[in-house]
Amino acid sequence: QVGGAEMLENASYVNVSHQVALRRQMDIIANNIANLNTTAYRGERALFEEFLVPTSENQEVSFVQDIGLIRDLAEGEMQPTGNPLDLAIGGQGFFVIETVDGPLYTRNGNFTTNDVGQLATNEGLLVLDDDNQPIQLDLADGELTISGDGTITSDLGPIARLQVVKFENPQSLQKLGSTLYSANELPTPVEDIKVVQGMLEKSNVQAVLEITRMIDVMRSYQSTQRMVDTGHELQRRAIDKLGRAASA
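The rules we used
Residues numbered from 1 in each chain as written. Predicted model: local features only at pLDDT ≥ 70, side-chain atom pairs only at ≥ 80, totals over all residues. Heavy atoms only, no water. Helix = DSSP H or I, 4+ residues; strand = E, 2+ residues; numbered from the N terminus. Buried < 20%, exposed > 50% of the residue type's maximum accessible area, 1.4 Å probe, protein only. Contact = heavy atoms within 4.5 Å. Areas by Shrake-Rupley, 256 points an atom, 1.4 Å probe, with all protein chains shown as cover.

## Some points on the overall build of the protein
Scanning the protein from terminus to terminus reveals 2 helices and 18 strands. Residues counted as buried form 34% of the 248 residues belonging to the protein. A sequence separation of at least 24 residues applies to 61% of the contacts in the protein between residues at least 6 apart. On the protein, roughly 14,400 Å² of surface is accessible, and the fraction owed to carbon and sulfur atoms is 53%.

Written out as structure tokens, the structure is:
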């Protein structure tokens, strides 16, 4: 009886562990769907592993453990905007953004100019050139042209060259917001830079796939909940029988 009770209890714990993992998956899928229209957003997947716990009967119970995220690094589709300060990166690479806490990195090239004419993100963070300096623009100098290697030119000549970097392990980048990342490793310059002017990289999330995953997770959660309910009913019956036997 004790062994049977322990088995029921372990089964209940395993089911709860599975439900927690499914909820985590659902949160990530919902976040992906919410960012379908976020420029340069990278879809994410939960990363799980098996976690074994020994029992009193020299056996092991298998639980699921959430250990992190896997980011989809596939390039999103490029969308023309006609805005000369909108930039996209073809292939690998990140723009470098200056903050008070150090450089951050992004593929979101939806740039503008601040009140003193410096190239900046929509949040007001400065975009850096290949000398780690802010990029000063003067729209009065004529039409801006940004070549494939990131060189910014006006009618008066070259102004600066955008800094585009890469990482040996881009999965290790830590996300800050939707499209900004911090890094624990030092970046290296991208040698064959492919900057495209007047374009923005769309989110690489595929709506149909995410909705399909959401349906699968919902079905798995409902199936697990039925198992939890069955386990509770078995425990209730066992307690009821024990109570009757004790009172007899």
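## Focus: unusual backbone geometry
Non-glycine residue Ala 40 carries a positive phi angle of around 60°. With respect to the helices and strands, Ala 40 occurs in the loop between helix 1 (2–34) and strand 1 (44–54). Residue Asn 132 is not a glycine yet carries a positive backbone phi of 60°. In this structure, Asn 132 sits in the loop between strand 9 (126–127) and strand 10 (145–146).

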